[in-house]
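Topology and contacts: notes
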Amino acid sequence: MIDKTAIKSLVAELTLEEKAGLTSGKDCWLTKAVERLNIPAARTSDGPHGLRADDYSRPDHATMPAVCFPTAVTTASSFDREMLYDLGQELGKECQAYGVNVLLGPGINMKRSPLCGRNFEYFSEDPYLAGQLGEAFVKGVQSQGVGTSLKHYFANNQETNRFTSSSEIDERTIREIYLSAFENVVKKAQPWTIMASYNKINGTYSTANRKYIDEVLRKEWGFEGLVMSDWGATHDRVGAVLAGTDLTMPAEDTDGLIVEAVKNGSLPEEALDLCCERVLELAFKAAEGRKEGAVCDLEAAHLLAEKFAANSIVLLKNESGLLPLKKTDKVAFIGAFADKPRVQGGGSSHIRETKVTGALEAAKNDGIEVIYAEAYDRETGETTDELFTEAVKAAKKAEKVVLFIGLPDSMEYEGGDRPHMSLPLSHDLLVREICAVNPNVAVVLHNGSPVEMPWIDQPKAVIEAYLGGQAIGAAVKDIIFGDVNPSGRLAESFPKHLEANPSYLYYLGEGDRVTYNEGVFIGYRYYEAKKQEALFPFGWGLSYTRFEYTNLKLDKTEMTDSDSLTVSVDVKNVGDVVGKEVVQLYVAPERVKIIRPIRELKGFDKISLEPGEKKTVTFVLSKRAFAYWDIDIHDWAVETGSFGIEICRNSHEVILRGDVKIKGKE
Ligand code: BGC
């Protein structure tokens, strides 16, 4: 690795024009090389649930086909750090094979509203979960000598007016909710780069926000990498350099502004030098990590995509043990998504899949015979009298029905937010009519964010398959017929209706001012505090087996805020089939002075258990698990008081509880 002193000497050899040039891209994806000094270019590429890499060997730079893995909303439901690491590792290998140095992702923004058009690209409404999964993903990618770009830093929670809106957020909410996941990934995984978002934060564009880039990210958290703008997010080239946004992407015709500012003294050359040093560090790191001639196995990756999807699918409802179906049952698959599922969302993350496996094809490949009816147009979601009648007929013929519905592409994409939380009307009607003629209906949902289910009492079973990547159909088949026991848990709450969501009154704001009035009470933090029962709470997910929890132990009942607490609990599979359980630990602070959520996720672990098998799961909690952001001291603090340690089935259902008294701030 070329060392810092050598980098500094190289920067000293650059002309002012070359320095200015290095702080913007060469084209859409590359940084600039400086050939006379042997400074290489680094190549970025979108994803991050696959590669959206341009083919530079073709004049039209067409996107190369790649394996489309499950999107972030899906993989987050795995609650499985190891899986996220493996996914990252595979993507890192594919980056090597495609000649990519930096994968633009993961996206770890919080899901403030179910309406955000990019929710499918983000992990969760919970900063702890998003931070843990983001850390694993980044470590996986970077283990392959390839970098990541953690995005979108930060408070980019809507698509409407994304280039002009200002997220107006109080200091405590910023720290506890909107920065926490970034902080964890930066401190634990050191992503090579971070992408500054389009929006403003309290009136200042993210790319020019010195406080959050220089003071918080670099000085406070120790970030060592490069900050790049989101594509077109720099509004002030000089301001960006001053704030520490090292690289403006993509190519821009504005380098002259930097030259001029240095000449007229409004931009100190040392600030520009610092940005250049970081661009050079990235370029040399990229070159050093490069494995020329690397290849990847796309067939094997497709199977991996199936495995990841099957580990993430969430079984929402399963009455009278309808699922799993028997492979010999007389089954109808109804809905165009059974044939061609919706596997990903629209926008910059859109992958050109190598192939897509639908559940229909997967069933056939497995020798399972099913009746099929299209029921609606896949692209528009609309039905016709003919399609509808055929669907009802197919449902009458079958013993059991699997009804595939969801949101069409036109309803969920980057650059726009959904106007409502409903499914297409025809899909709601299909559920009602099909359930009226057949008592054994399982609904499979394909959507990137929660939808309202006014019909929830009717079908016996509901599977949330999300936007599960190109092998989702095979994974759905695995779950429906019991080849895989479902083990996904919701990484977001499903409110009963949109108006119940805490951001509902303020989402999209007034003009460009978007005030986050709900404060720290986003997602389940709100539903629990307000005793507003969600349709399905955060952390929810069923299994084909049952797990019994016993023997909760805390290694102390009193401590100070500098001690750590070890918690253990026994979990046993008391059903008949092997299964995976997500053990969830929440901390429930007593209300003293500070207004806090009822409980917050502070630990989770996914374990696999054979029938009759028991395992002990252990968590270690330190200060941060009990802390709030104190606006008087501008730091984390623990209030003296009592804290519940709750082992929960989900954010709403407590299984076991212990208590610890902590001496902290009076
Ligand atoms: C998106 C980023 C993406 C970039 C490059 C932007 O519009 O917000 O997430 O990485 O484009 O395609």
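Residues numbered from 1 in each chain as written. Predicted model: local features only at pLDDT ≥ 70, side-chain atom pairs only at ≥ 80, totals over all residues. Heavy atoms only, no water.

**Topic: the packing of aromatic side chains**
Scanning all chains against the criterion turns up 20 aromatic pairs. Summarising the aromatic geometry, the rings of Tyr 178 and Tyr 516 are spaced 5.2 Å apart at their centres and angled 80 degrees between planes, so their arrangement reads as edge-to-face. Within this pair, whereas Tyr 178 is found in helix H6 (residues 171-178), its partner Tyr 516 is found in the loop between strand S15 (513-515) and helix H18 (524-529), the two being separated by 338 residues in sequence. Overall, Tyr 516 belongs to the buried group, its relative accessible area being 3%. Aromatic side chains Phe 626 and Phe 643 sit 5.3 Å apart centroid to centroid with 75 degrees between the ring planes, which places their arrangement in the edge-to-face category. In this pair, Phe 626 sits in the loop between strand S21 (614-621) and strand S22 (628-630) while Phe 643 sits in strand S24 (residues 641-648), placing the two residues 17 residues apart along the sequence. We note that Phe 626, like Phe 643, is buried. These aromatic residues form a ring-pair network of at least three members: Phe 79, Tyr 128, Tyr 524, Phe 538, Tyr 586 and Phe 604. Over the ring of Tyr 516 we find Arg 112; its NZ or CZ atom is 3.9 Å from the centre of that ring. Sitting over the ring of Trp 629, Arg 175 keeps its end group 4.1 Å from the ring centre. (Phe/Tyr/Trp six-rings, centres within 6.5 Å; stacked < 30°, edge-to-face > 60°. Helix = DSSP H or I, 4+ residues; strand = E, 2+ residues; numbered from the N terminus. Buried < 20%, exposed > 50% of the residue type's maximum accessible area, 1.4 Å probe, protein only. Lys NZ or Arg CZ within 6 Å of the ring centre and 35° of its normal.)

**Structural notes on empty space enclosed by the protein**
In the structure shown here, the tally under the stated rule is four cavities of 30 Å³ or more. What the largest cavity holds in volume is close to 100 Å³. Forming the walls of the largest cavity are 14 residues, and the residues nearest its centre are Pro 48, His 49, Ala 72, Phe 123 and Phe 137. Taken together, the residues that form the lining of the largest cavity break down as nine nonpolar, four polar and one charged. Considered as a void within the structure, the second largest cavity measures approximately 80 Å³ in volume. Every residue lining the second largest cavity is counted, 14 residues in all, and those nearest its centre are Lys 111, Pro 114, Glu 125, Ser 493 and Asn 501. Viewed by domain, the lining of the second largest cavity spans two of them, domain 1 (4-289) and domain 2 (298-529), each represented by three or more residues. (1 Å grid on protein atoms, 1.4 Å probe; cavity = no way out; pocket = protein on both sides within 12 Å on 5 of 7 lines; lining within 4 Å. Points joined across faces, edges and corners; volume = space filled by probe spheres on them. Nonpolar A, V, L, I, M, F, W, Y, C, P; charged D, E, K, R; others polar. Domains from an automatic or database assignment.)

**Comments concerning the sheet that holds strand S8 (residues 226-229)**
Pairing in this open sheet of five strands is parallel, and the strands run S1-S2-S3-S5-S8 from one edge to the other. Sheet topology places strand S1 (44-45) and S8 at the edges, where each strand pairs with a single neighbour. Where strand S2 (residues 102-103) and strand S3 (residues 147-153) come together, two bridges link them in parallel fashion. By the bridge assignment for S3, Val 102 is matched with Gly 147. (Pairing = 2+ DSSP bridges.)

**Digging into the packing of helix H4 (residues 81-98) against helix H5 (residues 127-142)**
Between H4 and H5, whose axes approach to 6 Å, the crossing angle comes to 35 degrees. Judged by the sense of rotation from one axis to the other, the crossing of H4 with H5 is right-handed. On H5, the residues touching Arg 81, Leu 84, Tyr 85, Leu 87, Gly 88, Gln 89, Leu 91 and Gly 92 of H4 are Tyr 128, Gln 132, Leu 133, Ala 136, Phe 137, Lys 139, Gly 140 and Val 141. Each residue belonging to the contact of H4 with H5 can be placed in one class, and the counts come to nine nonpolar, five polar and two charged. (Axes fitted to C-alpha atoms, helices over the stretch in contact; angles between N-to-C directions. Left-handed = near helix turned anticlockwise from the far one by under 90°. Contact = heavy atoms within 4.5 Å.)

**Points about the site of the ligand**
Close to the ligand lie 14 residues, the nearest being Asp 46, Arg 118, His 152, Tyr 198 and Asp 230. In the model, an oxygen atom of the ligand is placed 2.3 Å from a nitrogen or oxygen of the Asp 46 side chain. Between the ligand and Arg 118 there is a distance of 2.7 Å, counted from an oxygen atom to a side-chain nitrogen or oxygen. Here the ligand has 310 Å² of accessible area as a free molecule, and 94% of this is covered by the chains. Tallied by class, the residues present in the shell around the ligand amount to five nonpolar, two polar and seven charged. (Near = heavy atom within 4 Å. Polar contact = N/O pair within 3.5 Å; in protein donor to acceptor, adjacent residues only side chain to side chain. Areas by Shrake-Rupley, 256 points an atom, 1.4 Å probe, with all protein chains shown as cover.)

**Side note on unusual backbone geometry**
Following Lys 151, the chain continues to His 152 via a peptide bond in cis, the omega torsion being -5 degrees. Leu 323 connects to Pro 324 through a cis peptide bond whose omega is 0 degrees. Summarising the element assignment, Pro 324 is placed in the loop between strand S9 (314-318) and strand S10 (331-334). You will see that His 61, though not glycine, has its phi angle at about 50 degrees, which is positive. Structurally, the position occupied by His 61 is in the loop between S1 and helix H3 (72-76). Judged by relative accessible area, which is 27%, His 61 ranks as partly exposed. Backbone geometry places Gln 190, a non-glycine residue, at a positive phi of 40 degrees.

**Regarding the domain arrangement of the protein**
Per the domain assignment, the segments making up the protein are domain 1 (4-289), domain 2 (298-529) and domain 3 (547-663). Buried area between domain 1 and domain 3, both sides added, is near 1,500 Å², and the carbon and sulfur share of it is 53%. Put simply, domain 1 and domain 3 have one salt bridge between them. The partner of Glu 183 in a salt bridge is Arg 624, with the nearest N and O atoms 2.9 Å apart. (Buried area = accessible area lost by both parts, 1.4 Å probe. Salt bridge = Lys/Arg side-chain N within 4 Å of Asp/Glu carboxyl O.)

**Considering the environment of Ala 394**
Here Ala 394 shows up in helix H15 (residues 385-397). Take Ala 394: its relative accessible area is 5%, and that puts it in the buried class. Distance from Ala 394 to Val 620, taken between C-alpha atoms, is 54 Å for residues 226 residues apart in sequence. Leaving out residues up to four positions away in the same chain, Ala 394 has contacts with Ala 332, Ile 334, Ile 371 and Ala 373.

**Brief notes about the pairing of S24**
Taken across its eight residues, S24 has seven buried, putting it largely inside the fold. Two elements, strand S19 (residues 579-589) and S24, share six bridges in a ladder whose sense is antiparallel. Following the sheet pairing, Val 587 is matched in S24 by Ile 645. With eight bridges connecting them, S24 and strand S25 (residues 654-663) associate as antiparallel partners. By the bridge assignment for S25, Gly 641 is matched with Ile 662.

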